[in-house]
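Inside the fold
Below, each chain spelled out in residue letters.
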Amino acid sequence: MRDFITDSTADLNVSLGGLRLKNPIMPASGTFSEDLSDVFDLDVLGAHVLKTIMHDTRAGNPTPRVCDMQSGMLNAIGIPSKGFAYFRDEMLPYWSAYRAPLVVSISAHSLDDFARLCAEVSLPGVAAIEANISCPNIEADGKAFAMRPDTTEQVMTRLRAETDLPLWAKLTPNTGEPVDVARAAQASGTDALVVANTVLGMSIDIKARTPRLGNVMGGMSGPAIKPIALRMTYQCAQACDIPVIGCGGISTLEDVLEFLIAGARAVQIGTATFQSPTTMARLVSELSAWMVANDIRSVDEIIGTVQAPEAGVFE
């Protein structure tokens, strides 16, 4: 196991959606598992965000589910899940042994199922709930809840009524109304916004003339989507009073700093962990060292310091 040393003179603590984290680095849902404990001490992270669970067991999409792209990865995993009972009996006891706050990502295809699962996962040992509202809503012709402000408000209002835990909304970049969706989530009692999930894309095998994913289309992640995620983070941070967690294409210290300067209070690391399992721990260490080198005592001195002209704000 590799050790990463954090300089104690830098205050990396952040206040985030009802939680106090010791640093702003955490995993993106779906890219984090207990296997990483063989690589580094998982308690160096600000929080642990688990792979999205659904109430019942789910096999996921047909294979192939992943294909490499020039600047990232295209995937159509389909949220395979062992269900709530497995989470309660097997996963929760394991993750509760760590000091880092546990954030449970949940998803469902209807309002009633979402609300039921939110209530069920509100258990001792769970620090916050991340609602993956980027998934299809069968009550809206399969469109994701977060595609529109009205469906965002409906689902987040229902979830808020089911739990007293900090509630985060994971938004989608596949909408033309990101600011209105973010405001709808805030108005519904959401404590923080995760901006954002993957960008819908497609790839074709030109020899076989068939899609390279078994589900035809999938979500693009990695460096290619960073400018999109950064733009959305800036927009949402400007428009909302609740904290924003940046997510999308982050792999270097410079990426982390860009998101913090744009207004994010924390960041989530996804695809980069597949390429280098120690990425998150390295970023914690590098952020601390950079702050010391630049005489910055607190992360709060970085957050939201972008110097942008008023004309640069788009909705």
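In the block above lies the structure referred to throughout.
Notes on the structure follow. (Residues numbered from 1 in each chain as written. Predicted model: local features only at pLDDT ≥ 70, side-chain atom pairs only at ≥ 80, totals over all residues. Heavy atoms only, no water.)

Overview of the packing of aromatic side chains
- Across all of its chains, the model carries six aromatic pairs by this definition.
- Residues F32 and W95 carry aromatic rings whose centres are separated by 5.1 Å and whose planes lie at 35° to one another, so their mutual orientation is tilted. With F32 in the loop between β3 (25-27) and β4 (48-49) and W95 in helix α1 (residues 83-95), this residue pair connects regions lying 63 residues apart in the sequence.
- Relative to Y98, the ring of W95 has its centre 5.5 Å away and its plane inclined at 35°; by these criteria the two rings are tilted. Each member of the pair, W95 as well as Y98, is classed as buried. (Phe/Tyr/Trp six-rings, centres within 6.5 Å; stacked < 30°, edge-to-face > 60°. Helix = DSSP H or I, 4+ residues; strand = E, 2+ residues; numbered from the N terminus. Buried < 20%, exposed > 50% of the residue type's maximum accessible area, 1.4 Å probe, protein only.)

Some details on the side chain of S105
- Tracing the sequence through the fold places S105 in strand β7 (residues 102-106).
- Polar side-chain contacts of S105 include one of 3.5 Å to the side chain of S29.
- The residues contacting S105, other than those within four sequence positions of it, are S29, L50, K51, T52, I53, E130 and N132. (Polar contact = N/O pair within 3.5 Å; in protein donor to acceptor, adjacent residues only side chain to side chain. Contact = heavy atoms within 4.5 Å.)

Quick notes on the sheet that holds strand β16 (residues 217-221)
- With respect to topology, four strands assemble into an open sheet ordered β5-β6-β16-β13, the strand pairing being antiparallel. Every other strand in the sheet has two partners, leaving β5 (66-69) and β13 (199-202) as the edge strands with one partner each. Geometrically, the sheet is characterised by an average inter-axis angle of 35° between neighbouring strands, direction not taken into account.
- Pairing analysis gives four bridges linking β5 to strand β6 (residues 72-75), with the strands arranged antiparallel. Each residue of the ladder has a partner; that of V66, found in β6, is N75. (Pairing = 2+ DSSP bridges. Axes fitted to C-alpha atoms, helices over the stretch in contact; angles between N-to-C directions.)

Some points on the pattern of salt bridges
- For the structure on display, the rule yields nine salt bridges.
- D89 is the partner of R88 in a salt bridge, and the nearest nitrogen-oxygen pair spans 2.9 Å.
- For D150, the salt bridge goes to R148, with nearest N and O atoms at 3.3 Å.
- The exposure class assigned to D150 is partly exposed, which follows from its relative accessible area of 38%.
- By sharing partners, the salt bridges in this structure join K226, D255 and E258 into a single network. (Salt bridge = Lys/Arg side-chain N within 4 Å of Asp/Glu carboxyl O.)

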